[in-house]
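Here's the letter readout for the chains.
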Amino acid sequence: MSEEVKIERKKRSLSLIQPTSIPTLGNYLGAMRGWTAFQEDFDTIFGIADLHSITVRQEPAKLRQQTVQLYAMLMAVGLDPQKSILFIQSHVPQHSQLGWLLNCYTQFGELNRMTQFKDKSAQHSDNVNAGLFTYPCLMAADILLYQADVVPVGADQKQHLEITRDIAERFNGIYGNVFTVPEPYIPKAGARVMSLQNPLAKMSKSDPNPKGTVYLTDEPSVIMKKFKSAVTDSEMAVRYADGKDGINNLMTIYSAVTGASFEAIEHDFAGKGYGDFKKAVGEAVVAELEPVQKKYNELLKDKAYLQECWTSGDDFASRLADRTLSKAMKKIGFLAK
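Structure report, in brief. (Residues numbered from 1 in each chain as written. Predicted model: local features only at pLDDT ≥ 70, side-chain atom pairs only at ≥ 80, totals over all residues. Heavy atoms only, no water.)

### Brief notes about the packing of helix α11 (residues 245-258) against helix α13 (residues 274-300)
- Where α11 meets α13, the closest approach of the two axes is 9 Å, and the angle between their N-to-C directions is 40°. Both α11 and α13 take part in a crossing whose hand is left-handed. Contacts between α11 and α13 pair I247, L250, M251, I253, Y254, V257 and T258 from the former with Y274, F277, K278, A280, V281, A284, V285 and E288 from the latter.
- When the residues that make up the contact of α11 with α13 are grouped by side-chain class, the tally is 12 nonpolar, 1 polar and 2 charged. (Axes fitted to C-alpha atoms, helices over the stretch in contact; angles between N-to-C directions. Helix = DSSP H or I, 4+ residues; strand = E, 2+ residues; numbered from the N terminus. Left-handed = near helix turned anticlockwise from the far one by under 90°. Contact = heavy atoms within 4.5 Å. Nonpolar A, V, L, I, M, F, W, Y, C, P; charged D, E, K, R; others polar.)

Below, the structure written as structure tokens:
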């Protein structure tokens, strides 16, 4: 008799991304480019967090457009609907339902301590709404609905995962083992890309200077123009050193895109001016993004295919989410249909 082979299931991970803008080169080199390999190692679920985006007023037509664009971009950078569940959050109503339940198992003081609430309240003082305050409960629902084992997190998201774990443990302590308590997963660090105009600040969608941020949909001519105007210094030597933040940033980008070490970059550009180096970095970024942009534009032309993909992803996500929601509601004491 042959021995039974035990197949160990992959750990499940979950990531949600808001459709508030086209991703930047910083998003791509820092995280998105690694997602293709990530989906090989984990049972991956990716969602577009359109419900989260409305804590800030959105223009309806623009929100719909950006949701479709982000879905296409996620596929263009390598997310495969055959390997990952790729869905739209508002199409899975269990998120809102469990979010309300978890509101009732989260303490006011816990929410009041959330750093993001304080920061966003200061940024949008004319619209400090209840959704902004209870945002962590919906985020907890996003994670717990799918019994996610791990959640990739950056430094700015650790507090949200901590409160998710607290909510899950509190609920499990009352009703038994209902939710998987998720662990943080720190992905292999990608390149930390800074603004081309203020290299002391991260490249950001909200940069007040449009020349500081490269978007994944920027035309090659626009990309080249932004790199040619990138802030450098007066030394005119391509080398990585303290006080050379602009050049350090350009070297980081060039290294991430080409694979060249800092030592190799310094050797190859010895005796050359910053103009030559900026041109080389721009050309390398254009070449890196060319296949992504080509795939993205092809997908946007086939809205029927995109809708087919997100409908399938929504259905898979809804089935998984419903199991958890039904279990939680039964434990609380709600009458079944």
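There is more to say after this.
### Considerations on the side chain of D149
- Of note, D149 is situated in the loop between α8 (130-145) and β4 (150-152).
- Under the relative-accessibility criterion, D149 is labelled buried at 18%.
- Among the polar contacts made by the side chain of D149, one reaches the main-chain amide nitrogen of R12 at a distance of 2.8 Å.
- Beyond its immediate sequence surroundings of up to four residues, D149 is in contact with R9, K11, R12, T180, P182 and E183. (Buried < 20%, exposed > 50% of the residue type's maximum accessible area, 1.4 Å probe, protein only. Polar contact = N/O pair within 3.5 Å; in protein donor to acceptor, adjacent residues only side chain to side chain.)

### So, unusual backbone geometry
- Backbone geometry places Q147, a non-glycine residue, at a positive phi of 50°.
- Relative to the elements of secondary structure, Q147 occurs in the loop between α8 and β4.
- Located in the positive-phi region is M236, a residue other than glycine, with phi close to 65°.
- Along the chain, M236 turns up in the loop between α10 (220-228) and α11.
- Overall, M236 belongs to the partly exposed group, its relative accessible area being 46%.

### Remarks on the packing of aromatic side chains
- By the definition in use, this model includes 15 aromatic pairs.
- Ring geometry for W35 and F46: centres 5.3 Å apart, planes at 40°, overall tilted. Here F46 lies in strand β2 (residues 43-48) and W35 lies in helix α2 (residues 35-41), a separation of 11 residues in the sequence. Accessibility classification places W35 together with F46 in one group, the buried group.
- Over the ring of F269 we find K272, and its NZ or CZ is 5.4 Å from the ring centre. (Phe/Tyr/Trp six-rings, centres within 6.5 Å; stacked < 30°, edge-to-face > 60°. Lys NZ or Arg CZ within 6 Å of the ring centre and 35° of its normal.)

The analysis is restricted to geometry; functional conclusions fall outside its scope.
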